[in-house]
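So you can see what is in the structure, the chains are spelled out below.
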Amino acid sequence: MAPAVQDRLPFLASTPAPPPPVRERGRNPSLAEMLRLVGAATVDPAAAADDDGSASVFSLPLPTTPGHDAVAGGAGAVNGAGATAIIGRTVHFRLAFSSLTYSVRAKQRGRGPAGLPLQRRSDRVTAAAAAPDAHAPRTRALLDGVSGEAREGEILAVMGASGSGKSTLIDALANRISRDALKGAVTLNGEPLTGTVLKSISAYVMQDDLLFPMLTVTETLSFAAEFRLPRALSPAKKRARVQALIDQLGLRDAANTIIGDEGHRGVSGGERRRVSIGTDIIHDPILLFLDEPTSGLDSTSAFMVVKVLRRIAESGSIVITSIHQPSQRILGLLDRLILLSGGRTVFSGPPSALPSYFAEFGFPVPDDENRAEFALDLIREFESLPTGTKPLVDFHRAWQQMHARSPGQQGSAAADQSSLVAPTTMSLKEAVSASISRGKLVSGSDVAGEAASVHTYANPFWVEMKVLTKRSAINTRRMPELFLIRLAAVVVTGAILATVFFKLDQSPKGAQERLGFFAFAMSTMFYTCADALPVFLNERYVFLRETAYGAYRRASYVLSNAIVSFPALVVLSLAFAFTTFFAVGLAGGVPGFAFYTLAILASFWAGSGFVTFLSGVIPHVMIGYTVVVAILAYFLLFSGFFINRDRIPAYWIWFHYLSLIKYPFEGVLQNEFARSGECFVRGAQIFDNSPLAVLPDAVKARVLASISSALGVGISADTCVVTGRGVLHEVAVTQLGKWECLLVTMAWGFLFRILFYFSLVLGSKNKRR
């Protein structure tokens, strides 16, 4: 056994063995070499009892390195003869987590020979431990007994290959996993973290940059300040906070540049990532969680992002981030590192300890190789073996236990000195008050007692609605092509209808053509609203990110969404009404035109509400379009145009009353046909749409005379046979008046927006189960 391992891990020295050769680059270690180090030895019972990793290396003084490591740790020790300890400072915040375990049901992707489920080799050990019973549901542990801590002023990075559990650990610490599903404890200053407190003192930065593309950097951060900073803070102080944050993020040169998207040139990828971080730290949170903030960035941009995180930590925050493959420069900015593989810890400690850790394990890091890349490559090699990374996990536990007992083996003097190193912490309430007094959790109150109180939302309801409306209006105004395309579609559709149904006369055919015009026109209003489907889907994840930590209320978003969309609906309604009403020759004059316009507006309102509700339920654009088109087709089928209400089967009549198109359709029919003095069938026109229509006029006159004598009623060529109300009776439009139909249509719009709100409440609880 290697002397370094034998000297420091005497309980592994029960079976002497020759030292393994130093690993050469490019050669995979044999299984015998790995098992000789950690797997073949027997751990004593006292050491094996601590399987949960409670004796964490995080509880010991961190090795000091030149630069920030010695400062960030808050305490250090100088080893050697006459070792001295530095008295630790008071740490306001200490986030600790122990034995975090989270499992999900494994998907049955296929079955191998003898009906056994196919499974990756790296998952066999975890699956065997999670589901020893062959008949029990198979589960996969995404986290398996992960423990550690993070302190104020430090960056804790979680590293590992794809699928190792990095994001899951960040979600667990950020309360994004249901407490019923997550086992273990997460505490801040020794007190369990509740959801309300965590929302107020923390921020979570998602991996994707979720920003409004047409807002500038300054505007984006200013709106974030309006959401997260209290109303008691003066506008001047909010602007000062935004400008200070721009300098902290290194975005001064891009302050007036739009964010941009695929169709609009904006800031660079690194700048965009820093803006995304800035929107979540505008209130200067105590806890900052980030999911792979350097993903997709080049080396320089990634280094700039981590430098920003370094400054945030030094301002008094705890920064916890997942990171995929950091460069050597980035490793030098980190204080603590957790390496995961299959949800289990294979290393936890300062990055500077990686070389000694792997050297003791028997795989020293070459001088010319990146420590992070070496660690990930070694983990991947172990994952390709049948035993997986179990040797590394076992060695890590033994390494922790060795470090936990080493202070007591150095004598009482060393033990006394090590006790001085351990930093002291305040209670959570005292720490929050102290942080607010130092400028953290930006507050507008000058009274310490009021400042120490933590509120769920920073602003009242009406302020949130005002800010949301302003932001959406600016973003929409800077993309006029979206509205112009929609306006063009409405005008073109209206022009086609106006030319097809130009100047309809008052005849039986004219009445039938009016029915067709109204049915197509009202259904067009609803189909045109389908283009509103991507609007919320594009904002969906921005909404989830902002509401997850209490930036604003969901009700504020629903109302602002309705307010911003309404002016566009008014313009579209007027455009369609002016295009079609006079050209088609509809009746009623100015009052008739006014009601016709209101009916179109109500249709747009109900249709946009319906599509908005579906966008909150269905998160995929193509599926959403399919569902919208299908349901609107059913609404049109049961509207009463293709089949009268009194002819619909009893088992389908309920759908007739649920049809959104029914009510505006019947409303405009009432507006057109319910006027007195309107006649649509006169004298010989009763023969229209029948085989007798081809008879000569003289023959029709004699037939009318015979009918008159038989009925005892005089019917001449000018006698009105069917009035407008008669047309309404023929199509069974008699239950509601036109104003009642208008009110019901508007009510549908309000109902769907209420349902949209509940869909946000139920669908935005973005916690894993």
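Not measured: the values here are computed from a predicted model.

**Student:** So what's going on with the sheet that holds strand 5 (residues 155-160)? Which residues, and what values?
**Tutor:** Two strands in a sheet stick together by hydrogen bonds in their backbones, pointing the same way (parallel) or opposite ways (antiparallel). Read from one edge to the other, the open sheet built from six strands follows the order 8-9-10-5-11-12, with strand pairing classed as mixed. Whereas interior strands pair on both sides, the edge strands pair on one side only; in this sheet they are strand 8 (202-205) and strand 12 (344-349). Each neighbouring strand pair of the sheet contributes to a mean axis angle of 15°, computed without reference to strand direction. Where strand 11 (residues 336-341) lies against strand 12, five bridges are found, and the strand directions are antiparallel. Residue S341 lies in a different strand from strand 12, and its bridge partner there is R344.

**Student:** I'd like a rundown of the environment of T547, residues and numbers included.
**Tutor:** Tracing the backbone shows T547 in helix 22 (residues 533-548). For the pair T547 and K199, spaced 348 residues apart in sequence, the C-alpha to C-alpha distance is 9.7 Å. Of the polar contacts made by the side chain of T547, one reaches the backbone oxygen of F543; its length is 2.7 Å.

**Student:** Give me helix 30 (residues 738-763): which residues, what numbers.
**Tutor:** Under the 1.5 Å per step criterion, the end-to-end length of helix 30 is 37 Å for 26 residues, consistent within 8% with the ideal 38 Å. Here helix 30 has its buried residues at C741, L742, T745, W748, G749, F752, R753, F756, S759 and L760. Taken together, the buried residues of helix 30 touch helix 22, helix 23 (554-584), helix 24 (589-617), helix 26 (653-658) and helix 27 (662-673).

**Student:** Now, about the side chain of K238: what can you tell me, with residues and values included?
**Tutor:** Topologically, K238 is positioned in helix 9 (residues 235-249). On the accessibility criterion, K238 (8% relative accessible area) is buried. Filtering out sequence-adjacent residues up to four positions away, K238 remains in contact with E226, L229, P230, R231, L233 and N459.

**Student:** Tell me what's going on with the pairing of strand 12, and back it up with residues and numbers.
**Tutor:** Along strand 12, six of the six residues are buried, which leaves the element largely enclosed by surrounding structure. The hairpin formed by strand 11 and strand 12 contains two residues between the paired strands, and G342 there has a positive phi angle of roughly 60°.

**Student:** Can you tell me about the state of the cysteines, naming the residues and giving the values?
**Tutor:** Counting across every chain of the model gives one disulfide. In this model C679 forms its disulfide with C720; the gap between the sulfur atoms is 2.1 Å. Handedness here is read from the sign of the S-S torsion; for C679 and C720, about 115°, the answer is right-handed. One end of the pair, C679, is in strand 13 (residues 679-682); the other, C720, is in strand 14 (residues 720-723), and 41 residues separate them in sequence. For C720, a relative accessible area of 34% gives the class partly exposed.

**Student:** Pulling in residues and values, what's your account of the packing of aromatic side chains?
**Tutor:** Counted by the stated rule, this structure contains 39 aromatic pairs. Ring geometry for F227 against Y552: centres 4.9 Å apart, planes inclined by 55°, an arrangement best described as tilted. Of this pair, F227 sits in helix 8 (residues 217-228) while Y552 sits in the loop between helix 22 and helix 23; the two residues are 325 residues apart in sequence, bridging distant segments of the chain. Classification of F227 as buried rests on a relative accessible area of 3%. With centroids separated by 5.3 Å and ring planes inclined at 70°, the aromatic side chains of F610 and F752 adopt a geometry described as edge-to-face. Taken together, the residues F610 in helix 24 and F752 in helix 30 connect sequence positions 142 residues apart. Each member of the pair F610 and F752 is classed as buried. Aromatic ring contacts, followed pair by pair, group F610, F613, Y634, F635, F638, W652, W654, F655, W748 and F752 into a single cluster. Note that R176 overlies the ring of Y204, its terminal NZ or CZ placed 4.0 Å from the centroid. Here R753 stacks its cationic end above the ring of W605, 3.8 Å away from the centre of that ring.

Thresholds applied
Residues numbered from 1 in each chain as written. Predicted model: local features only at pLDDT ≥ 70, side-chain atom pairs only at ≥ 80, totals over all residues. Heavy atoms only, no water. Pairing = 2+ DSSP bridges. Helix = DSSP H or I, 4+ residues; strand = E, 2+ residues; numbered from the N terminus. Axes fitted to C-alpha atoms, helices over the stretch in contact; angles between N-to-C directions. Polar contact = N/O pair within 3.5 Å; in protein donor to acceptor, adjacent residues only side chain to side chain. Expected span 1.5 Å × (residues − 1). Buried < 20%, exposed > 50% of the residue type's maximum accessible area, 1.4 Å probe, protein only. Contact = heavy atoms within 4.5 Å. Disulfide = S-S within 2.5 Å. Phe/Tyr/Trp six-rings, centres within 6.5 Å; stacked < 30°, edge-to-face > 60°. Lys NZ or Arg CZ within 6 Å of the ring centre and 35° of its normal.

What is shown is where atoms sit, not what they do.
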